[in-house]
Amino acid sequence: MVAACQQTSEYQQMVERESLRTDTVNTLFLNYELGMSRQAFFDSSWALNRRGLVSHGPNNRNVQLKLPDEFHHESTMLYYPDFVDDLVAQMRVRFSYDGWAPWNRHLWADSLIFDVHDLMEDWYGSGFILQERSTPTMDTTPEFIKIDANRHITIQRDSDREVLVKITDIRAMPPKEDE
């Protein structure tokens, strides 16, 4: 319980510190940005596709980026934004190891989350805090959180296979109480 209070305290300190900032942090990855228009997102994705860097994801529901060397095992990144007033307010990103299978325990999300955390630190700098998140099965799982001014980043295990990263502009889309 003491550890939980310290973690909450660390998170609250981050929230308080970053809420005082008046600057805006919009950078994402691959030249995407929070606040970019829907059309600019599609234009950027199309340009990346023409260069062979990305393709459409399963069922054409997201953009797919192959990550052959970023992690310990070949992986795939699927992403697609949530728009508010036709502007990117949140980018949802899912990572999975390509060789995942129920019998490949070393390729489950509980290992992948640490690779994703390291990648996010490479992209967005250090300063992620670790919290334990309860799951519907009453287990806990690690969750990493970082706030830079308006940009809120959460890394969490979403299933046995996938790790979910949400990068949110909290000025456009405030986090829900349970997040």
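Here the structure is a predicted model, which is why all the values come from computation and not from measurement.

### Thoughts on the overall build of the chain
Link 1 in the chain: If you tally the helices and strands in the chain, you get three helices and eight strands.
Link 2 in the chain: Ordered by position from N to C terminus, the α and β elements of the chain give α-α-β-β-β-β-α-β-β-β-β.
Link 3 in the chain: Over its C-alpha trace the chain gives a radius of gyration of 17 Å, about what one expects of a compact globule, namely 16 Å for 179 residues.
Link 4 in the chain: Structurally, the chain occupies a C-alpha span of about 50 × 45 × 25 Å along its principal axes.

### Quick word on the sheet that holds strand 2 (residues 63–67)
Link 1 in the chain: In spatial order, the strands read 1-2-3-4-8-7-6-5; together these eight strands make up an open sheet with antiparallel pairing. The sheet is open, and its two borders are formed by strand 1 (55–56) and strand 5 (129–134), each paired with just one other strand.
Link 2 in the chain: The sheet contact formed by strand 1 and strand 2 spans two bridges and is antiparallel. The residue bridging His 56 from the neighbouring strand is Val 63, located in strand 2.
Link 3 in the chain: Those strands touched by helix 2 (residues 38–50) are strand 1, strand 2, strand 3 (75–84) and strand 4 (87–97), and its axis lies near 160° from that of strand 3.

### Some details on helix 3 (residues 109–124)
Link 1 in the chain: Taking 1.5 Å of rise per residue, the 16 residues of helix 3 would be expected to cover 22 Å, and the 21 Å separating its terminal C-alpha atoms lies within 8% of that figure.
Link 2 in the chain: Burial in helix 3 covers these residues: Ala 109, Leu 112, Ile 113, Asp 115, Val 116, His 117, Leu 119, Met 120 and Tyr 124.
Link 3 in the chain: Along its buried surface, helix 3 packs onto strand 4, strand 6 (140–148), strand 7 (151–157) and strand 8 (163–169).
Link 4 in the chain: Looking one or two residues beyond helix 3, the residue adopting positive phi is Gly 125, at roughly 85°.

### Description of the packing of aromatic side chains
Link 1 in the chain: The full count for this structure, using the stated rule, is 14 aromatic pairs.
Link 2 in the chain: Ring centres of Tyr 32 and Tyr 79 lie 5.4 Å apart, and the angle between their planes is 65°; this geometry places the pair in the edge-to-face category. Here Tyr 79 lies in strand 3 and Tyr 32 lies in the loop between helix 1 (2–19) and helix 2, a separation of 47 residues in the sequence. Judged on exposure class, the residue Tyr 32 and its partner Tyr 79 are both buried.
Link 3 in the chain: Ring plane angle 40° and centroid distance 6.5 Å describe the contact between Trp 100 and Trp 108, whose orientation is recorded as tilted.
Link 4 in the chain: Among the aromatic side chains, those forming a connected cluster through ring pairs are Phe 29, Tyr 32, Phe 41, Phe 42, Tyr 79, Tyr 80, Phe 83, Trp 123 and Tyr 124.
Link 5 in the chain: Taking NZ or CZ as reference, Arg 38 lies 4.0 Å from the ring centre of Phe 83, over its face.

### A word on the side chain of Ser 75
Link 1 in the chain: With respect to the secondary-structure elements, Ser 75 resides in strand 3.
Link 2 in the chain: Overall, the relative accessible area of 1% leaves Ser 75 in the buried class.
Link 3 in the chain: Within the structure, the side chain of Ser 75 is placed 2.9 Å from the backbone oxygen of His 73, a separation counted as a polar contact.
Link 4 in the chain: Dropping the residues within four chain positions of it, Ser 75 is found in contact with Leu 65, Lys 66, Leu 67, Ser 96, Tyr 97 and Asp 98.

So, how was this worked out
Residues numbered from 1 in each chain as written. Predicted model: local features only at pLDDT ≥ 70, side-chain atom pairs only at ≥ 80, totals over all residues. Heavy atoms only, no water. Helix = DSSP H or I, 4+ residues; strand = E, 2+ residues; numbered from the N terminus. Rg over C-alpha atoms; globule rule 2.2 N^0.38 Å. Pairing = 2+ DSSP bridges. Contact = heavy atoms within 4.5 Å. Axes fitted to C-alpha atoms, helices over the stretch in contact; angles between N-to-C directions. Expected span 1.5 Å × (residues − 1). Buried < 20%, exposed > 50% of the residue type's maximum accessible area, 1.4 Å probe, protein only. Phe/Tyr/Trp six-rings, centres within 6.5 Å; stacked < 30°, edge-to-face > 60°. Lys NZ or Arg CZ within 6 Å of the ring centre and 35° of its normal. Polar contact = N/O pair within 3.5 Å; in protein donor to acceptor, adjacent residues only side chain to side chain.

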